[in-house]
Amino acid sequence: MAKRPPLALDLAALERAGFAVPSERFSALGEALRPLRRQVLETEPAEPGRAAIIVVTSALPGEGKTFLALNLALSLCGEPGARVLLVDADPYRQGLAAPLGLRGQTGLSDALGDAGLDAGGLVRKTTLPGLSLLPSGRRAAGPGAPPSGERLTAALTVLTSRFGQGGTTIVDTPPVLASAEAIILAGHADRVVVVVENRRTPRRALRHTLSMLQDCPNVDCIVNMADRDVQGLRGYG
Amino acid sequence: MELILRYVPYPLLQRLRGAWRWRWPMLATAWAVALLGWLVVALMPDQYQAATRIYVDTDNLLTPLLRNITVDTDLQNRLDVMQRTLLSRGNIAQVVKTAGLEAEARGALEIERQYQRLQEKIAVKAEGRNLFSVTYRHRDPEVARKVVASLLDIFVETNVGHSRANMDDARTFIDSQIGEYEQKLKDAEHRLADYKTRHVDVLAATGTSFSARLDSARDERDAAQAKVREAAVTRDQLRAGLGRVPQFLDVDSPMPLVIGGANSAVSPAVRVRQLEVQLAQLQAQYTDRYPDVVATRRALEAARSDLAQPAANAATPSRGRAANVVYDQLSLRLVQAEADLAAAESRFSRAEETVKRLSALAQVAPRVEADLADLNREYGVLKTKYEDLLGRRESARISAAVETSGDKVHFRIIEPPYVPLTPAWPMRPLLSSAVLLLAVAAAAAVGFGLVKVDDSVGAAEAVAAEFGIRVVASVPRMPSESGDAALRVETRRLAAAATGLLAAYVAVLAWQSLVSHG
Ligand SMILES: Nc1ncnc2c1ncn2[C@@H]1O[C@H](COP(=O)(O)OP(=O)(O)O)[C@@H](O)[C@H]1O
Ligand SMILES: [Mg+2]
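Attention in this report is confined to the structure presented alongside it.

About the cut-offs
- The residue count restarts for each chain, going from 1 along the sequence in the order it is written.
- All chains are assigned letters beginning at A, and all ligands numbers beginning at 1, according to the order in which they are written.
- Totals for whole chains, interfaces and linings use every residue, but because this is a predicted model, local features are given only for residues with pLDDT of at least 70 and side-chain atom pairs only at 80 or more, for both listing and counting.
- Derived side-chain values reflect all non-hydrogen atoms in the structure, with water molecules and hydrogen atoms excluded from consideration.
- DSSP calls a pair of strands paired once it identifies at least 2 bridges connecting them.
- Strands here mean DSSP runs of E at least two residues long; helices mean DSSP runs of H or I at least four residues long; both are numbered from the N terminus.
- Lines fitted to the C-alpha atoms define the axes, with helices restricted to the stretch that makes contact. Angles between their N-to-C directions range from 0 to 180 degrees.
- Residue proximity to a molecule or strand is established when one non-hydrogen atom of the residue lies within 4 Å of it.
- Definition of a polar contact: a pair of N or O atoms within 3.5 Å, with one able to donate and the other able to accept a hydrogen when the atoms are protein atoms, and with sequence-neighbouring residues admitted only if both atoms are side-chain atoms.
- For the accessible areas, the method is Shrake-Rupley and the probe is 1.4 Å, while residue cover comes only from the protein chains on display.
- Three residue categories are used. Nonpolar comprises Ala, Val, Leu, Ile, Met, Phe, Trp, Tyr, Cys and Pro, charged comprises Asp, Glu, Lys and Arg, and polar comprises the others, including Gly.
- For every residue, the accessible area (1.4 Å probe, protein chains only) is compared with the maximum for its type, and the residue is labelled buried under 20%, exposed over 50%, or partly exposed between those bounds.
- Contacts are residue-level and defined by heavy atoms, with any inter-residue pair within 4.5 Å sufficient.
- A simple way to read buried area is as the amount of 1.4 Å-probe accessible surface that goes missing from two parts once joined, with both sides added.
- Here, a salt bridge means any Lys or Arg side-chain nitrogen found within 4 Å of an Asp or Glu carboxyl oxygen.

Before going further, it helps to examine the sheet that holds strand β6 (residues 411-418) of chain B. Residues and elements named next belong to chain B. An order of β2-β3-β1-β6 is seen for the 4 strands of this open sheet, with the pairing classed as antiparallel. Edge positions in the sheet fall to β2 (123-126) and β6, since each of these pairs with one other strand and no more. Adjacent strand axes in the sheet meet at a mean angle of 15 degrees when their direction is disregarded. Where β2 meets strand β3 (residues 131-138), 4 bridges bridge the pair, whose relative direction is antiparallel. The residue of β3 that forms the bridge with Ala123 is Thr135.

Written as structure tokens, this is what we have:
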């Protein structure tokens, strides 16, 4: 891990892509995420000595899990002294690979598939201070290969303990209704953020998702693609 | 964009936002409906419309005769009658035969239905005061033309008969009117004459006004009165004078004194002869009671008695009495004055009577004059009306003569039965446009319907309330290069699909006009 150079992030490109990179400038998105950020920072890990686990999930694909997970991670890095580990736990889509330039990098799926590989060792630091990444991995899991829950939780435990107290682990997951990983990961989370897309997420799907997550602690919700108020951006009330 | 949105009512804005999600289904619906509709329009069977236009010379035929006598013959009414008679069962049967439509229907029921259909489909319309059109549509232009042509024949035939009947009607009507007015005129004449005879005294003075007549009568009466007075004065003076003059004069000389006129001094025999001549002259002019006649006769008698008693005169030759000539003359004048007075009195009383009568009549004269004016006016009105009717009858006779001589055209076929090359139905451009509108409406309906049945979650507050969950952030769509580009691409595609629909519409129209004209 120390041998590998920090991953260079093209912040300007990210900003152009609509991400809320930490900056002096006012960011509507960063502003919208502020309450969530505060909650995330205040989240205490269930077991002391490890980083808090924040699972970002949703009912269906394309509702903005990856987008919001990355944004949350980026904007957290703007907070003083924040240490953030962003884990791409969606082996099907690997949504973070494209914006962060992680394509072809070894990552979580490789660690899960190979007992000899240490997940903690695959974490890459980035040029953005405080931000570390765990790519999804080269081994794309097919629907025919159900993930091992034990291995996944074990890997998560290793990662968070290694990351240590005071850190925040943000896990981007596949949709709840389309895979098992999200529920497994949420089961170990200290906080679950369910992304809901305005005018798109069906009520039934959301209800179903929430019922599947009912045993998880601190389940909150983000409304994505919210209607812009005509006067401008609607603040969180 | 936001500026526009600011003026859209919020509920509608929400609907539009919701519908935005269904933009592609909506567009697909529009396309599907449009294509299907255009196909249907294209496959609709052509209907050709045969039409004919005829000018019916109703104005010349009826109106001059009946103008001002009856209410103008109602066009709609006439059209109704025409429609009913033209589209009668018998006519339709004839049309079916002429147009060769018998093969279309078999069996009584079917034929009945065919007739009914024809009655409904043949349109007889009034296109103006005197312009009528007959139209009929059919798949086969030739059949359509034949139907209209045979109807036109029937139309002309029946309407010629009609107008003749109308003409006769008009004439008998005028005749009866003339008879009526004749009677009225006679009555009025009678009334007028009656009235005139009853009030002849008032009406005697034609030309001068009644009051003028009364005034002149009064003047006359006053003049007569003055004359009476004058005559009375004269008589009184004479009478007084006579009292003072002695009848006889005592004469000493044998010779009678000659005082007055020669006749007084002449011998009695001469005087008698003179008086006899005078009397005869007077009697030739006047009646016996004329004062002069009376006076002369009396004088004659006196003269005769003088002649019979010459002894008395001769007996007193020296100191005899001679008749006073002055006295004689005065008494003669008195007689004259008395006669004058009597004449003046009678004149006066006659004038007085006239004044009385006239002033009595003056009370009623104005009413009589007014009544007479009324009667005269009534008579005049009736007379002009009567003469007008006579003139009309004459003109009717003339126009009838013209008609029977065949010079006059009552029906002019403005447009002989013809069928345009392009079918009258379906009006493909119109229907295609309607299809486009329908497509758009269907798309809107689909969009709004989907929004209605849409079960997706809504705004943050609604989610929080409905699912009992905390909403920690509400994030709108963030602008980004790729996202914006994608949106642009999508918008462009959407626009392309929409303009494609419009282009298809234009193409459909162009194709239709090409087909219909080619
Ligand atoms: N608030 C947002 N503003 C702009 N683009 C967004 C927003 N949320 C999601 N997206 C875009 O939507 C697409 C799908 O989002 P993603 O995060 O990949 O969904 P998921 O991970 O739930 O499948 C991505 O291209 C992402 O950039
Ligand atoms: Mg994703």
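What follows concerns the site of ligand 1. Among the 14 residues in the neighbourhood of ligand 1, the closest are listed as Gly62(A), Lys65(A), Thr66(A), Phe67(A) and Met478(B). With respect to ligand 1, its neighbouring residues span chains A and B. Between ligand 1 and Gly64(A) there is a distance of 2.9 Å, counted from an oxygen atom to a backbone nitrogen or oxygen. In this structure, a nitrogen atom belonging to ligand 1 sits 2.6 Å away from a main-chain N or O atom of Met478(B). Considering ligand 1 on its own, with 550 Å² of exposed area, one finds that the protein chains cover 74% of that surface. The biggest single contributor to the shell around ligand 1 is helix α4 (residues 65-76) of chain A, with 3 residues. When its residues are assigned to classes, the shell around ligand 1 shows 6 nonpolar, 4 polar and 4 charged.

All names here are of chain A. Positive phi values are uncommon outside glycine, yet Arg199 reaches one of about 65 degrees. Within the fold, Arg199 resides in the loop between β6 (191-197) and α9 (203-212). The class for Arg199 is buried, based on a relative accessible area of 18%. Of note in the backbone geometry, Met225 takes a positive phi value of approximately 55 degrees without being a glycine.

Before going further, it helps to spend a moment on the environment of Leu177(A). Residues and elements named next belong to chain A. Within the element layout of this structure, Leu177 appears in the loop between β5 (168-172) and α8 (181-187). Linking Leu177 and Leu60, residues 117 residues apart in sequence, is a C-alpha distance of 6.2 Å. Among residues more than four places away in sequence, those in contact with Leu177 are Ala59, Leu60, Ala205, His208, Thr209 and Met212.

Turning next to the interface of chain A and chain B. When the parts of a complex come together, some accessible area is lost, and that lost area is often used as the size of the interface. Between chain A and chain B, the residue contacts involve 39 residues of the former and 33 residues of the latter. Buried surface at the junction of chain A and chain B, both sides included, amounts to about 3,500 Å², of which 54% is carbon and sulfur. Between chain A and chain B we count 5 salt bridges in total. As a salt-bridge pair, Arg203(A) and Glu466(B) come within 3.0 Å of each other at their nearest N and O atoms.

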